Amino acid sequence: TTTTTPPATTTTTTTTTPPATTTTTTTTTTTTTTTNNVTITLNPANVTTGSGTSASFSADATGTPTPSVAWWYSIDGGTSYMLANVGTSTSFTLPSVTTADSGWRFEAVFTNSTGSATSTSALLTVNAVSVVSSYNWAGYVTTAGPYTHASGTFVVPTAQCTSATTYSSTWVGIDGYGSSTVEQDGFASMCSNGVASYNAWYEMYGDTSVQCNCYAEVPLGSAYPVVPGDVITASVDYANSNWTLALVDATRGWNFSIVIATYSPAPAQVSAEWILEQPSMCTTSTCTNSTLATLTPQGTTYFSNITASAGSTGGISNFPYAVVSMVGSAGTIASPGPLSSNGTAFDIP
């Protein structure tokens, strides 16, 4: 007998688990970038001036909104800066500088809501200034040569003659301030019996061979007329062992120039000058005797376009200089006004 046992019944249960629900959140961040739109359009320039004068610096920038400006200064050559002024002024002025301020640097920082921009720095140089009296000069003198060039432009004033005999000379030159020669040219104003006359001249003072064996000015004569209101530029130059003395009358349209290759003694070239002079008048043909003239009364004498060269070239305030007043026994006869801000102009009232 065969017995068959059926197989056990197998029950399979399948459980299906639904996938987890994934929630993705996307966040969008918007970044707004503000571009600095401050741009420097004018950097301050270096300033060279004399002690006791003002010094001004200017800078500028564009930007929206309009930037404010802060001026900063450094006393250690630009290593560190200190705040000098804050506001909207694009100019900064020191009212009276001294030689102790020489070497300071100045810069401007412009700022608005978009950012800021800093100018380049400007150097302040302050030269020493002397105030001296002279019995026959009024004007300005620069020192610390050797000088190879001096020039300036003047407007011929009207002589205010009386019955007195008077004389004045207005000139540009090299030497004469602490030296025994003067290389110079300019114009003269004279009064005699109430009548005024004017003439242009040049001179190598101290060199008798140039002045017809005397120490007097060499007049140019009627071919080079001078009248009140004329604008005359005078220059004195030394190059290649030659001295060149030149005068140009822009109003009359004439120019004069002479080259002097032989001279004795050799000029020292220690100073340059822009002068109204009360000259000495020769009483003999060889000028062995002379007497101080009475200064011609005249309107204001204006000097402009002044330059000098002694290694570098610039105006009066670019060099150590002296302010010269003409003083007589009764007091001041003539005294120059202040220099212009760049040292290239002044007047003598």
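For the structure itself, look to the data block above.
Residues numbered from 1 in each chain as written. Predicted model: local features only at pLDDT ≥ 70, side-chain atom pairs only at ≥ 80, totals over all residues. Heavy atoms only, no water.

Novice: Mind showing me how you'd approach the side chain of Thr 114 here?
Specialist: Tracing the sequence through the fold places Thr 114 in the loop between strand S8 (105–112) and strand S9 (115–118). A polar atom in the side chain of Thr 114 sits 3.0 Å from the side chain of Asn 37. Engagement of the side chain of Thr 114 in a polar contact is seen with the side chain of Asn 112, the distance being 2.7 Å. (Helix = DSSP H or I, 4+ residues; strand = E, 2+ residues; numbered from the N terminus. Polar contact = N/O pair within 3.5 Å; in protein donor to acceptor, adjacent residues only side chain to side chain.)

Novice: Can you help me understand the state of the cysteines in this one?
Specialist: Each disulfide consists of one covalent bond between the sulfur atoms belonging to two cysteines. Applying the stated criterion across every chain, the model contains 1 disulfide. Note that Cys 161 is cross-linked by a disulfide to Cys 191, the S-S spacing being 2.0 Å. The S-S bond linking Cys 161 to Cys 191 shows a torsion near -75 degrees; that makes this disulfide left-handed. With a gap of 30 residues between them, Cys 161 in the loop between strand S13 (149–155) and strand S14 (166–174) and Cys 191 in strand S15 (residues 182–192) connect regions that are remote in the sequence. On the basis of relative accessibility, which here comes to 23%, the residue Cys 161 falls in the partly exposed class. When its relative accessible area of 1% is taken as the criterion, Cys 191 is described as buried. (Disulfide = S-S within 2.5 Å. Buried < 20%, exposed > 50% of the residue type's maximum accessible area, 1.4 Å probe, protein only.)

Novice: How should I be thinking about the pairing of strand S20 (residues 254–260) in this particular structure?
Specialist: Moving residue by residue along a regular strand, the side chains alternate between the two faces of the sheet. Here strand S19 (residues 242–249) runs beside S20; their pairing, made up of 7 bridges, is antiparallel. Residue pairing for S20: Asp 249 is matched across the bridge by Trp 254. (Pairing = 2+ DSSP bridges.)

Novice: Explain the packing of aromatic side chains to me, please; I cannot follow it from the model alone.
Specialist: For any two aromatic rings, the description comes down to two numbers: the centre-to-centre distance and the angle of the planes. The tally for this structure, following the rule as stated, stands at 17 aromatic pairs. Aromatic side chains Trp 104 and Phe 106 sit 6.5 Å apart centroid to centroid with 40 degrees between the ring planes, which places their arrangement in the tilted category. For Trp 104, a relative accessible area of 21% translates into the label partly exposed. Aromatic side chains Tyr 140 and Tyr 321 sit 5.9 Å apart centroid to centroid with 55 degrees between the ring planes, which places their arrangement in the tilted category. Of this pair, Tyr 140 sits in strand S12 (residues 137–142) while Tyr 321 sits in strand S26 (residues 321–328); the two residues are 181 residues apart in sequence, bridging distant segments of the chain. Taken together, the ring pairs connect Phe 57, Trp 71, Tyr 73, Phe 92, Trp 104 and Phe 106 into an aromatic cluster. (Phe/Tyr/Trp six-rings, centres within 6.5 Å; stacked < 30°, edge-to-face > 60°.)

Novice: How do you make sense of the side chain of Ser 189 when you look at a structure like this?
Specialist: Mapped onto the elements of the fold, Ser 189 is located in strand S15. The buried category is assigned to Ser 189, whose relative accessible area is 0%.

Novice: Whenever I open this one, the pattern of salt bridges confuses me. Can you help?
Specialist: Pairing between side chains of opposite charge can happen when the charged atoms of each approach one another. Counted by the stated rule, this structure contains 1 salt bridge. The partner of Asp 230 in a salt bridge is Arg 252, with the nearest N and O atoms 3.0 Å apart. Of this pair, Asp 230 sits in the loop between strand S17 (218–219) and strand S18 (231–239) while Arg 252 sits in the loop between S19 and S20, placing them 22 residues apart in sequence. The class for Asp 230 is buried, based on a relative accessible area of 0%. (Salt bridge = Lys/Arg side-chain N within 4 Å of Asp/Glu carboxyl O.)

Novice: Looking at this structure, I do not really get unusual backbone geometry. What am I missing?
Specialist: Cis geometry is found at the peptide bond from Thr 64 to Pro 65, where omega equals 0 degrees. The residue Pro 65 is located in the loop between strand S4 (60–62) and strand S5 (68–74) in this model. Residues Ser 264 and Pro 265 are joined by a peptide bond in cis, for which omega reads 0 degrees. Looking at where Pro 265 falls in the secondary structure, it is placed in the loop between S20 and strand S21 (272–277). For Asp 175, which is not glycine, the phi torsion reads 80 degrees and is therefore positive. Mapped onto the elements, Asp 175 comes out in the loop between S14 and S15.

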